[in-house]
Structure formats: structure tokens, C-alpha cells
Amino acid sequence: MLKQLITIDQELFGVDVQPVLTRPDPRFGDFATNVALQLAGKLGKNPREVAETVAEHLRQTGKFAEVTVAGPGFINLRLSDRALLEMASTEPAKTRAGQTVVIETNNPNPFKAMHIGHAFNAILADTIANLLEESGAATYRVSYHGDVGLHVGKSMYALLHYVENQPERLQEVPEAERSSLMSRMYAEGAKAYKENEAAKAAIDLLTKQSFVRDNPVYAAVYDMVFDWSFEQIAKNVKRLGNKPTRQRFLESEADVRGVKIVRDNVPKVFQESNGAVVFKGSEHGSFDNAFVTSGGQGLYAARDLGLMQLKNEQYHPSKSYIVTAEEQRDYFKGVIAAAGLCFPELKDVTVNIPTGTVKLTTGKMSSRDGDVVEIGWLFDQVAEAIRVRGGEVTEAIVAGALRYAFLKVRIGGDVVFDINESVSIQGNSGPYLQYAHARACSILDKAKREQPTTEERVHFEDGERSLVLKISECSEVIEKATGELLPHYVCTYLYELAQEFNRFYEHNKVIGHEREALRLQLVALYRDTLAYGLRLLGIIAPEKM
RNA sequence: GCACCCGUAGCUCAGUGGAUUAGAGUAGCUGGCUUCGAACCAGUUGGUCGCAAGUUCGAAUCUUGCCGGGUGUACCA
């Protein structure tokens, strides 16, 4: 349709423009274009006259039921009912076939409990992965975790005090209490590091230990809590509806090669400064940052370089996505710039997607002070809300509510999380969509008949047409969401779709009506579209609830 | 200080160059279940789109300057 417009414009006026097809208010048409306004500007002609000329040519193609000119020079197009139904039944194109992408879909650090912020990023990343995968790209979900470094030193400091030289004590800790114990231990270590010089010195040593782990007690405690961490992460991530990752990367694996990359690129990319090796990120929209300490130890940034090399060797991705909190925005600008200088072939491969901070209305959430909202608590809150509402609590609905609450807002801004209201189960929420799906299933189940065959002549009544028009938007919405890496477009669309259906349902009888065959076909099409969209969001579409 | 992000209804957010009336949810008020599932639908109250200039046929949307909030600013991750 777009191609036709371009051709007509070029034939008529010999001018190159970028016509845009939009979805206007349905009373104007199915589609609208502003070409005439763009053309008029370039040609110095009256926009309405240009619009009339273009409209006349579009009418002559015979592909539209209605072509009108409105306002300052918009051209509104209406498809025939038959063409609209065909469009609504068309699946999105695999526009990224042949491409390979790698994306980190969860990276909570071990030795800490997973909190809301981790869940937020994990859900966003996994959903972006779904979109990329659906568009045909070979998509590899990976994870990356900080198993070495200062935060480990802090946790180990408190943990070693806790076990008092008897690592087997940890075996007595019940599974349900492990997360909060890890949070507590980390908070204790962090506090000691800040307030106590002796503790700071001890923690610095314990940090170095995290790289070698040659002390038996240290190693025993480390291994035990390391395992706890990943059991907890795996459990939570699965509960949230994320797909499993293909590979887990650890900072310890990336460290040595990261440091080597840095050293190999002195002085071309990095400079020595006060004994440390730094990158002048300030020349690349970032800030000057140390990659290797004056003591020769690799830092986070060096490991990120090593990780990029590892990912490239294993997957050769055309794009590699890292979803992080916005605090790391400038940091990643620097690391990515440095990577581009060290490996020209990796320039523009790695993309950081900063997500904004999850904040609580009750105040700041700080992992450092141990003031975090753990995920288990969040699951319980949602379950309670459903119970209060009188519904049956299922994992699918709890996860759907949580996931949707995080996905429906545009990526980038801060997310203010009201612990009492944010995870809603009515209105624009996951359960609303799930309910709208279950309803459609129920109708189709009751009808007990196979899909009716399409009649030769299709003519919709108003309510039917609105529903089909909305269904027909699906492909373009998903392509837009994938192109811009913004899953919330899908949420907004599915919500509008479900609303349209609920209206239809309210006002139009399906079973027993003389138009039953056609309406059942529409309900089935709607049900499939909604289920498809929910699947991309990682939300289960239940047949009953 | 400098850089980046944000500011839309009481609250949480869509809309980021286009259509006489800026949309949802939620909260408040009102109506709708003997009728395919009321976790639903319909109606109603609520906004000088932070402020001010500019660009444009047209600005919540672009530019500039202010005001307010947040984040970052090398040996943490």
C-alpha cells in the first residue's frame, strides 16, 4: 500500500518524499497519509489540491472502498471489508531472518537477594528477546553475573563471621530463609566496610580471595552461597515467565582476558595514570574510567571488554544487547567506545538499553543498605490482591500481573512503584487481558463447531468492523515495538484490542445469532491475536480463570 | 560545576510534528448480571501538557532559555 503511494507521488510530481501511513481516528478511515502536505511544501502548491490529485489516482487503483481528502490535506483510506479481514489474518513478516543477536536476559549478582530492579530488567530483556526471536533473528539469551569483586568480599566478611569457621552451619539454613540471609550478610559487610577501618582492610583481602578461593573455609562458604544464589535466581526468573538462558557468563571468566585486552591496547586506547590503566571516556560522551587498578586487578569495565570478546567468539552476533539500570548509561558509553577502538569489527555491535530506576513510593530502594524489596514478597502481594478480589490464585495470573505491570510503561523513564497499587489486577493489567482471552475461549468452546468457512462476500456491521480493524493493526505494532526495542507498544495495543473485544462482547450476541458463523470466526481471530501478543510478552493466556 | 534522563488529570502512565473536543487506568460519583464468564461494560467529575520565547500552514511533540526532580562524574558493580 505504501509502495503504491510512493509510486504515484513520483509519477505525478517527480518528487521523493517519505509518505507515512498512520492509523487515524476510525471515523476518518482505516489509514491516513500526510503525503499531500509534505508534497505541497516541496512544490509550493496548495496542499488540498495536491491531495485531491493523489486521491483521484488512488481511487483509480480500485483497491480502496473509500478515499477522501480532509482537513488541511490528509488523505483518508478505507479498505473493503474483505481486504480488511485478509489483512487482519496476515502474520507479521520475519524481517530479521538471518541475523544473530545476543541479549543478557538476567544478571543479578550472586551473594545478594534478587530484588524488584532485577526482576524489572529481566522481564524487559526477556520480552525484547521474544520480539527479536519472533522477527526471525537467531536469538541467544545469556546471563552475566559478578562472582568476584568487592561486593563478594563484603558478603564473605559477614558470612565468615556468621559461620564461625564452621561452613557446615550454612546447611542448616532452610531454603526459604536463604535470600534474606544473603541480603542481611551483604548489608552487614557493606556497613562494616564504610564504618570500620579494620573491617575495610579485611574485606579488601577477602575481595582478592574471591578471585583465587584457595582457603578451604572460604571456598566452602563461597561455593555454598554461590549455589544458593543461582538456585534462587533460576527459581525467580522462571516464575516471572522468562525463557531459560542458553549460557551463563561469570565475571571471573571474563577477567583475565579483559585485563589482557586492556594491556594490549596501551597506549593506543588506554593510558597509565597513577599506576592504574584508564580510558578517557570523557572524549566519548562518557567519563574517564579505570579499567585496571593500580594493584593490577581487573575492574568491571575490563571484564565487560572480556565479555564482549567472549560473546563475539561464541556467537558472532550482529547485535548484542545489555539491559541495565540507567545509572550505567554513561559507563556503558565509555566501555562500548573503548571496545570499538580495541576491536573495530565490534563497533556498533553492543547496545546498552538503560531502563530507568525502580523506585518505591515509600522511599528509595537501596541494595547497598539492604533496603530492598525481594521478589518473593512481591509475588505474595499480587496473590493476596487476587484472593481479596475473590479469584483463584494461580501462578499464571500472578506472573501475568507482575510482568504486565513492568512491561506496560515505556522503557527509559523511572518507574515509581507503589507497593499498594502498582500491580493491579483490573483495568489496564495482565489479568484483564487474560480474562479477555478466557472469555473468548469460553464462547468458542460453547459453540462447539469448527471454524466456519469464509463466505465469498464479507460485510461487517459496525461492532464487528471495529474489532477486525483493531486486529489488523497487530503486525505493524509488533514490528514497531521490535524496531524500537519498546515492548510497551505491544501492551498498549493488546489492551486496546481486549477493550474492543469486551465492547463487542457486551453489545453483540455471538451464539444463536443469525451472524453466528462470521462472528465466531472473528472471535477465533481475536483469541489467536491476543494469545499471540501475550506469548510475546511472556504472559500465559489461560483458557479458564 | 559539567554531562545525560525526566516533568501530561489527585495518583500511575500512554501520546513525541498533524485533525472542531490531549487519551487510558486508578481514585470519586451514577447506571447495568433470569440473557455467550460482571476480573466486564456504559456514563460522569477531573488537565493554561513545568514556565517563557522561537521555528512551522499546524507544537504536549522540534529549538533556545529558565524553574523543578533524578542519575552519573576513574581504581564499586
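All of these numbers come straight from a predicted model, not from anything done at the bench. (Residues numbered from 1 in each chain as written. Chains lettered and ligands numbered in written order. Predicted model: local features only at pLDDT ≥ 70, side-chain atom pairs only at ≥ 80, totals over all residues. Heavy atoms only, no water.)

Visitor: How would you explain the environment of Val237 if you had to name every residue and give the values?
Guide: Within the secondary structure layout, Val237 lies in helix 9 (residues 216-239). When the C-alpha atoms of Val237 and Ala83 are compared, they prove to be 42 Å apart, with 154 residues separating the residues in sequence. Not counting the four nearest positions on each side in its chain, Val237 is found in contact with Asn106, Met114 and Asn242. (Helix = DSSP H or I, 4+ residues; strand = E, 2+ residues; numbered from the N terminus. Contact = heavy atoms within 4.5 Å.)

Visitor: Pulling in residues and values, what's your account of the pattern of salt bridges?
Guide: This model, assessed by the stated rule, comprises 36 salt bridges. The salt bridge partner of Lys470 is Glu496, with a shortest N-O separation of 2.8 Å. With Lys470 in helix 16 (residues 462-471) and Glu496 in helix 18 (residues 488-507), this residue pair connects regions lying 26 residues apart in the sequence. Here Lys470 falls in the buried class, since its relative accessible area comes to 13%. Three or more residues are tied together by salt bridges with common partners; here these are Asp30, Glu66, Arg78, Asp81 and Arg465. (Salt bridge = Lys/Arg side-chain N within 4 Å of Asp/Glu carboxyl O. Buried < 20%, exposed > 50% of the residue type's maximum accessible area, 1.4 Å probe, protein only.)

Visitor: Quick one: what's the story with the protein's contact with RNA strand B, residue by residue and with numbers?
Guide: Close contacts around RNA strand B come from 70 residues, with Val278, Thr293, Tyr432, Lys446 and Asn508 the closest. Counting only atoms of RNA strand B within 4 Å of the protein, the sugar-phosphate share comes to 61%. Here Asn76 contributes a side-chain N or O atom positioned 3.0 Å from a base nitrogen of RNA strand B. Taking Asn502, its side chain carries an N or O atom lying 3.3 Å from a sugar or linking oxygen of RNA strand B. Looking at the surface near RNA strand B, the element that brings in the most residues is helix 18, giving ten residues. The residue makeup of the surface near RNA strand B, split by class, is 29 nonpolar, 22 polar and 19 charged. (Near = heavy atom within 4 Å. Polar contact = N/O pair within 3.5 Å; in protein donor to acceptor, adjacent residues only side chain to side chain. Nonpolar A, V, L, I, M, F, W, Y, C, P; charged D, E, K, R; others polar.)

Visitor: Talk me through the sheet that holds strand 4 (residues 74-78); I want residue IDs and the actual numbers.
Guide: Two orientations exist for strands paired in a sheet by backbone hydrogen bonds: parallel and antiparallel. Spatial strand order, 1-2-4-3: four strands in an open sheet with antiparallel pairing. Each edge of the sheet is formed by a strand with only one pairing partner; in this case those strands are strand 1 (21-22) and strand 3 (66-70). In the sheet, strand 2 (residues 31-33) pairs with strand 4 via three bridges, with the strands oriented antiparallel. Each bridged residue has a counterpart across the sheet, and for Phe31 the counterpart in strand 4 is Leu77. Against the sheet, helix 3 (residues 47-61) makes contact with strand 3 and strand 4, and its axis sits at roughly 180 degrees relative to strand 3, the strand it touches most. (Pairing = 2+ DSSP bridges. Axes fitted to C-alpha atoms, helices over the stretch in contact; angles between N-to-C directions.)

Visitor: Give a description of the nonpolar core that names residues and reports values.
Guide: Counting residues in each nonpolar core, the largest one holds 127 residues, and the members touching the most others are Ile75, Leu494 and Tyr526. Counting residues per element, this core draws most heavily on helix 19 (residues 516-537), at twelve residues. With sequence-adjacent residues up to four places away left out, Leu494 is seen in contact with Leu433, Thr529, Leu530, Gly533, Leu534 and Leu537. Within the second largest apolar cluster, 23 residues are counted, among which are Ile261, Val269, Val335 and Ala337. (Core = buried A, V, L, I, M, F, W, Y, C linked by side-chain atoms within 4.5 Å.)

Visitor: Describe the pairing of strand 11 (residues 319-324), with residues and values.
Guide: Where burial is concerned, most of strand 11 is hidden: five out of the six residues are buried. Relative to strand 11, strand 5 (residues 100-106) is paired through four bridges, and the arrangement is parallel. When the bridges of strand 11 are listed, Glu104 appears paired with Ile322. Relative to strand 12 (residues 350-354), strand 11 is paired through five bridges, and the arrangement is parallel. The residue bridging Tyr321 from the neighbouring strand is Val351, located in strand 12. Remark: the strand 11/helix 12 (residues 329-342)/strand 12 crossover connection has right-handed handedness. (Right-handed = clockwise from strand over helix to strand, strands pointing away.)

Visitor: Explain the packing of helix 4 (residues 81-88) against helix 16 to me, using residue names and the numbers behind them.
Guide: Two quantities define a packed helix pair, namely the angle between the helix axes and the distance between the axes. Two elements in contact, helix 4 and helix 16, have axes whose closest approach is 8 Å; the angle formed by their N-to-C orientations is 40 degrees. Judged on the interaxial angle alone, helix 16 and helix 4 are oblique. For the crossing formed where helix 4 meets helix 16, the hand is left-handed. Contacts between helix 4 and helix 16 involve Asp81, Leu84, Leu85 and Ala88 from the first element and Arg465, Val468, Leu469 and Ile471 from the second. Per-class residue counts for the contact of helix 4 with helix 16 are six nonpolar, no polar and two charged. (Parallel < 35°, antiparallel > 145°, perpendicular 65-115°, else oblique. Left-handed = near helix turned anticlockwise from the far one by under 90°.)

Visitor: How would you summarise the side chain of Thr207 if you had to cite specific residues and measurements?
Guide: For Thr207, the position within the fold is in helix 8 (residues 197-212). Since its relative accessible area comes to 8%, Thr207 is described here as buried. Ignoring any residue separated from it by four or fewer positions in sequence, one finds Thr207 in contact with Gly149, Leu150 and Gly153.

So, to be careful, I would describe these as geometric facts and stop short of saying anything about function.
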